[in-house]
Amino acid sequence: MMNNGGPIERALLPKLMHVTEAAAIAASYQIGRGDKMFADHVSVEAMRRMLNVLDIRGVIKIGEGERDEAPMLYIGEEVGTGKGDLVVDIAVDPLEGTNLTADGFPGSISVMAMAEPEGLFHGPDVYMDKIVVGSEVVRYEKEHPDERIDLDAPVIRNLEIVAKALGRNIEELVVVILDRDRHVEKIKEIRETGARVNLVTDGDLMPGVATAIRGSGIHVVMGAGGSGEAVLTAAAIKILGGKVLARLVLPSVANNESNEAIAAEKEEKMPRLETMGITEDTLGDVLDIDTLVPGKDVIFAATGVTPGQFLRGVNLFGSGDARVHSISLGSSGVVKFTDTVYIDDKEDTPLRL
């Protein structure tokens with residue numbers, strides 16, 4: 001019998017998509033207009049409006065930045081009506097792939113996750129180096145405890161384990177990685193194994209989720225990207241039974257900048273990291289999925305803005321109506337793909353809130 005999930009899933013999972021869908025619809029009007037900042041702004045406004053009609057006491061744990069950097073959905077902001085008994089931590093990215101939206105490229109989404117208090121990693125706005133794999137690898141590791149994915153292992157070692165778990169040759173694997181100078185050597189290592197590399201200019205969150213969805217055509221995600229996106233990926237992957245290993249890394253270190261630049265960034269960011277319990281000694285610790293998402297009652301939703309791996313983009317009709325495609329996940333094991341049309345002349349709709 002299916003587990004009906006915890007109170008957060010039961011009360012909020014059906015409503016979570018309305019939040020990401022409102023943000024996606026708002027952003028979709030800016031597709032191809034070349035203004036990523038405005039596209040992000042309207043999606044943030046729409047998401048915040050929808051969050052503030054939910055009967056929750058929510059706190060943004062991963063958002064648009066610190067309070068002095070973001071006017072809304074900043075880290076620590078309280079959202080919701082404040083009514084009811086549901087207290088939740090929230091991770092949001094109202095528009096993941098701002099450049100993709102501005103330039104009309106595939107792969108931008110609106111995404112968020114919720115969990116009980118302390119259920120999501122409250123990390124700093126730096127990078128996370130990570131590896132993401134699906135549930136087949138987790139099952140293989142349980143059967144072969146001496147063969148485990150390791151963030152510090154050579155690329156070929158990790159890909160050999162993934163290939164065995166999936167019953168494939170390494171040459172059949174597809175590895176997604178951000179197209180960044182910091183990844184030049186890793187991309188070379190992946191290709192030397194015979195695996196195929198799928199370079200993405202922005203947005204490795206949904207490719208990470210795709211590693212745990214059979215038939216997606218993506219088997220591994222590697223490389224350093226935003227820490228917030230890594231936690232959002234981990235929220236979905238935990239529900240789907242996959243695995244994420246990650247470590248925090250300062251952008252200056254990841255990008256192999258000068259010693260002077262690294263020292264300056266440490267001076268700027270370490271005081272903030274230390275308030276979160278992260279020191280120079282622990283900065284490089286490997287974080288597993290239960291550290292990134294310790295919560296038990298976790299929900300996740302994403303809506304396509306521009307067409308992507310398995311989410312279609314927003315389709316705007318001349319009448320003002322909109323058609324959206326979303327995925328929602330809950331800790332009980334519920335995974336739903338939803339195709340929705342919002343009619344503009346109705347009052348109670350994300351198009352009007």
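Residues numbered from 1 in each chain as written. Predicted model: local features only at pLDDT ≥ 70, side-chain atom pairs only at ≥ 80, totals over all residues. Heavy atoms only, no water.

S.K.: Quick one: what's the story with the overall build of the protein chain, residue by residue and with numbers?
M.R.: Across its full length, the protein chain holds 11 helices and 13 strands. Computed over its C-alpha atoms, the radius of gyration of the protein chain comes to 20 Å, within 12% of the 20 Å expected for a compact globule of 353 residues. Taken over the C-alpha atoms alone, the protein chain extends approximately 55 × 45 × 45 Å along its principal axes. By the burial criterion, 55% of the 353 residues in the protein chain qualify as buried. Partitioning the intrachain contacts of the protein chain with sequence separation of at least 6 by distance along the chain shows that 69% fall at a separation of at least 24. For the protein chain, the exposed surface amounts to about 15,600 Å²; the carbon and sulfur share of it is 47%. Across the protein chain, 36 positive and 57 negative side-chain charges occur, with their mean positions spaced 5 Å apart. (Helix = DSSP H or I, 4+ residues; strand = E, 2+ residues; numbered from the N terminus. Rg over C-alpha atoms; globule rule 2.2 N^0.38 Å. Buried < 20%, exposed > 50% of the residue type's maximum accessible area, 1.4 Å probe, protein only. Contact = heavy atoms within 4.5 Å. Areas by Shrake-Rupley, 256 points an atom, 1.4 Å probe, with all protein chains shown as cover. Lys, Arg positive; Asp, Glu negative; His and termini not counted. Charge placed at Lys NZ, Arg CZ, Asp CG, Glu CD.)

S.K.: Give me the nonpolar core: which residues, what numbers.
M.R.: Ranked by size, the top nonpolar core spans 51 residues in total, and within it Met 128, Met 206, Val 209, Leu 292, Phe 300 and Ile 327 carry the most contacts. A total of nine residues in this core trace back to one element, the largest contributor, which is helix α8 (residues 227-240). Excluding its chain neighbours within four sequence positions, the residues that come into contact with Met 206 are Ile 109, Phe 300, Ala 302, Phe 310, Leu 311 and Ile 327. (Core = buried A, V, L, I, M, F, W, Y, C linked by side-chain atoms within 4.5 Å.)

S.K.: Please give an account of the environment of Lys 36 that cites residues and values.
M.R.: In this structure, Lys 36 sits in helix α2 (residues 36-51). For the pair Lys 36 and Lys 238, spaced 202 residues apart in the sequence, the C-alpha separation amounts to 31 Å. When residues no more than four places from it in sequence are discounted, the contact partners of Lys 36 are Thr 98, Asn 99 and Ala 102.

S.K.: Describe the packing of aromatic side chains, naming the residues involved and giving the relevant values.
M.R.: As enumerated under the stated definition, the model contains one aromatic pair in all. Between the aromatic rings of Phe 310 and Phe 337, the centroid separation amounts to 5.8 Å while the plane-to-plane angle is 85°, which identifies the pairing as edge-to-face. Taken together, the residues span a long stretch of sequence, with Phe 310 in the loop between β10 (299-304) and β11 (315-316) and Phe 337 in strand β13 (residues 335-342) at a distance of 27 residues. When its relative accessible area of 42% is taken as the criterion, Phe 337 is described as partly exposed. (Phe/Tyr/Trp six-rings, centres within 6.5 Å; stacked < 30°, edge-to-face > 60°.)

S.K.: Which residues make up the confidence of the model for the protein chain, and what are the values?
M.R.: For the protein chain, per-residue confidence averages 92 on the pLDDT scale, and residues scoring 70 or more make up 96% of the total. Looking at the elements of the protein chain, mean pLDDT is at its lowest for helix α10 (residues 259-275), recorded as 88, and at its highest for helix α5 (residues 155-166), recorded as 98. (pLDDT = per-residue confidence, 0-100.)

S.K.: Could you give an account of the packing of α5 against helix α6 (residues 184-193), naming the residues involved and the relevant values?
M.R.: Here α5 crosses α6 at 50°, and the two axes come no closer than 9 Å. Taken together, the axes of α5 and α6 are oblique relative to one another. As for how α5 packs across α6, the hand of that crossing is right-handed. In this structure, α5 contributes Val 155, Ile 156 and Leu 159 to the contact, and α6 contributes Lys 186, Glu 189, Ile 190 and Thr 193. Here the contact of α5 with α6 is built from residues that sort into four nonpolar, one polar and two charged. (Axes fitted to C-alpha atoms, helices over the stretch in contact; angles between N-to-C directions. Parallel < 35°, antiparallel > 145°, perpendicular 65-115°, else oblique. Left-handed = near helix turned anticlockwise from the far one by under 90°. Nonpolar A, V, L, I, M, F, W, Y, C, P; charged D, E, K, R; others polar.)

S.K.: Give me unusual backbone geometry: which residues, what numbers.
M.R.: Although it is not a glycine, Glu 118 sits at a positive phi angle of roughly 65°. In this fold, Glu 118 is placed in the loop between β4 (109-115) and β5 (127-133). Residue class for Glu 118 comes out exposed when judged on its relative accessible area of 59%. Here Asn 256, not a glycine, exhibits a phi torsion of approximately 55°, which is positive.

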